[in-house]
Amino acid sequence: RYNPVAVTWNPLGLMVGGRVSFNLEWAPVTHHVIIASPHIANTSQDVSVSPDVTRSNTFSGFGGELGYRYYTGRKGMNGVFIGPSLVAGVYNANLITGEQAFTNFGVAADLGVQQIFFDHLALGAGVGIMYLNVSRDFGDLAAGPSTIAEQGVKPRFLAQAGYAF
């Protein structure tokens, strides 16, 4: 069965970066898929301000990706995939020194696999690399905030589960 549309959830973003994210995939023709991945982020990093006092820097906002994937399968979004994405977001950093708005933008490339089981259950995983440009420098950040607020080249790990129709 050919599935031209899929909606999937990205659980790794919630576990690693405090990000709720999902994918909307559309295959206008076999093998070629346009993917949009909006997200909402809310993550923090504890900072020691004295030996017995810790405060949190919180990073929150929204962003997303728009990309293309080439799939090797014949059922829409299935098989091995490869493709680029554009990444962008608008966020706020609530730091112990005050609030700062910031943006990010970047590019990414991913390689993975997605299968559709029982005509509708879409499960996928993959890896990739991303370059992110951030409008403010927050220095070295913990894993969660670094996914949206630290400039540079970063690895990507993908996992997705959802419904294809």
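All of these numbers come straight from a predicted model, not from anything done at the bench.

Thresholds, definitions, all that
Residues numbered from 1 in each chain as written. Predicted model: local features only at pLDDT ≥ 70, side-chain atom pairs only at ≥ 80, totals over all residues. Heavy atoms only, no water. pLDDT = per-residue confidence, 0-100. Helix = DSSP H or I, 4+ residues; strand = E, 2+ residues; numbered from the N terminus. Salt bridge = Lys/Arg side-chain N within 4 Å of Asp/Glu carboxyl O. Buried < 20%, exposed > 50% of the residue type's maximum accessible area, 1.4 Å probe, protein only. Pairing = 2+ DSSP bridges. Axes fitted to C-alpha atoms, helices over the stretch in contact; angles between N-to-C directions. Phe/Tyr/Trp six-rings, centres within 6.5 Å; stacked < 30°, edge-to-face > 60°. Lys NZ or Arg CZ within 6 Å of the ring centre and 35° of its normal. Contact = heavy atoms within 4.5 Å. Polar contact = N/O pair within 3.5 Å; in protein donor to acceptor, adjacent residues only side chain to side chain.

K.L.:
For this particular structure, what's the right way to read the confidence of the model for the protein?
P.N.:
Detailed reading of the predicted coordinates is not advisable wherever pLDDT is low. Mean pLDDT over the protein stands at 94; residues scoring 70 or higher make up 100%. When pLDDT is averaged over each element of the protein, strand E7 (residues 121-134) comes out on top at 98 and helix H1 (residues 11-17) at the bottom at 86.

K.L.:
Help me understand the pattern of salt bridges, please; the structure alone is not making it clear to me.
P.N.:
Think of it this way: side chains of opposite charge can pair up when their charged atoms draw near. Per the stated rule, a full pass over the model turns up three salt bridges. The shortest N-O distance in the salt bridge between Glu 65 and Arg 156 comes to 3.0 Å. On the criterion of sequence distance, the pair formed by Glu 65 in strand E4 (residues 53-71) and Arg 156 in strand E8 (residues 152-164) is long-range, its members being 91 residues apart. In this structure, Arg 156 engages Asp 110 in a salt bridge whose closest nitrogen and oxygen atoms are separated by 2.8 Å. Of this pair, Arg 156 sits in strand E8 while Asp 110 sits in strand E6 (residues 98-117), placing them 46 residues apart in sequence. Owing to a relative accessible area of 10%, Arg 156 belongs among the buried residues under this scheme. With relative accessibility at 5%, the residue Asp 110 sits in the buried group. Connected through shared salt-bridge partners, Glu 65, Asp 110 and Arg 156 make up one network.

K.L.:
Can you help me understand the sheet that holds E4 in this one?
P.N.:
Each strand in a sheet pairs with its neighbour through backbone hydrogen bonds, running either in the same direction (parallel) or in the opposite one (antiparallel). Taken together, the eight strands give a closed barrel; going around it, the order is E1-E2-E3-E4-E5-E6-E7-E8, and neighbouring strands pair in antiparallel fashion. Recorded for the sheet is a direction-independent mean angle of 25 degrees between the axes of neighbouring strands. Sheet analysis places E6 next to E7, joined by 14 bridges and oriented antiparallel. Of the residues in E7, the one forming a bridge with Ala 109 is Ile 129.

K.L.:
Can you walk me through the packing of aromatic side chains in this structure?
P.N.:
Two aromatic rings are characterised by how far apart their centres lie and by the angle between their planes. Counted by the stated rule, this structure contains six aromatic pairs. Measuring from ring centre to ring centre gives 6.2 Å for Phe 59 and Phe 102, while their planes differ by 80 degrees; the resulting arrangement is edge-to-face. You can see Phe 59 sitting in strand E4 and its partner Phe 102 sitting in strand E6, a full 43 residues away along the chain. Across the pair, Phe 102 and Phe 59 agree in class, each one buried. By the ring-pair criterion, three or more aromatic residues cluster together here, those being Phe 59, Tyr 91, Phe 102 and Phe 138. The side chain of Arg 69 reaches across the aromatic face of Phe 81, ending 3.9 Å from its centre.

K.L.:
Even after reading the chapter, I still don't get the environment of Gly 128, so can you show me in this structure?
P.N.:
With respect to the element layout, Gly 128 can be found in strand E7. Here the alpha-carbon distance between Gly 128 and Asp 110, two residues 18 residues apart in the chain, equals 4.0 Å. Residues within four places of Gly 128 in sequence aside, it is in contact with Ala 109, Asp 110, Lys 154, Pro 155 and Arg 156.

K.L.:
Any chance you could explain the side chain of Ser 37 here in plain terms?
P.N.:
Its location among the elements puts Ser 37 in strand E3 (residues 32-50). Reaching out from Ser 37, the side chain makes a polar contact with the side chain of Asn 23 at a distance of 2.6 Å. Excluding residues within four positions of it along the chain, Ser 37 makes contact with Phe 22, Asn 23, Gly 63, Gly 64 and Glu 65.

K.L.:
When you look at the pairing of strand E1 (residues 5-9) in this model, what are you seeing that I'm missing?
P.N.:
Within a regular beta strand, the side chains point alternately toward one face of the sheet and then the other, so they alternate between its two faces. Taking every second residue as pointing to the same face, the buried face of E1 carries Ala 6 and Thr 8, while none of Val 5, Val 7 and Trp 9 on the other face is buried. As paired elements, E1 and strand E2 (residues 19-29) share five bridges and run antiparallel to each other. Looking across to E2, one finds that Val 7 is bridged to Leu 24. Alignment of E1 against E8, held across four bridges, turns out to be antiparallel. Looking at the pairing, Trp 9 lines up with Ala 161 of E8.

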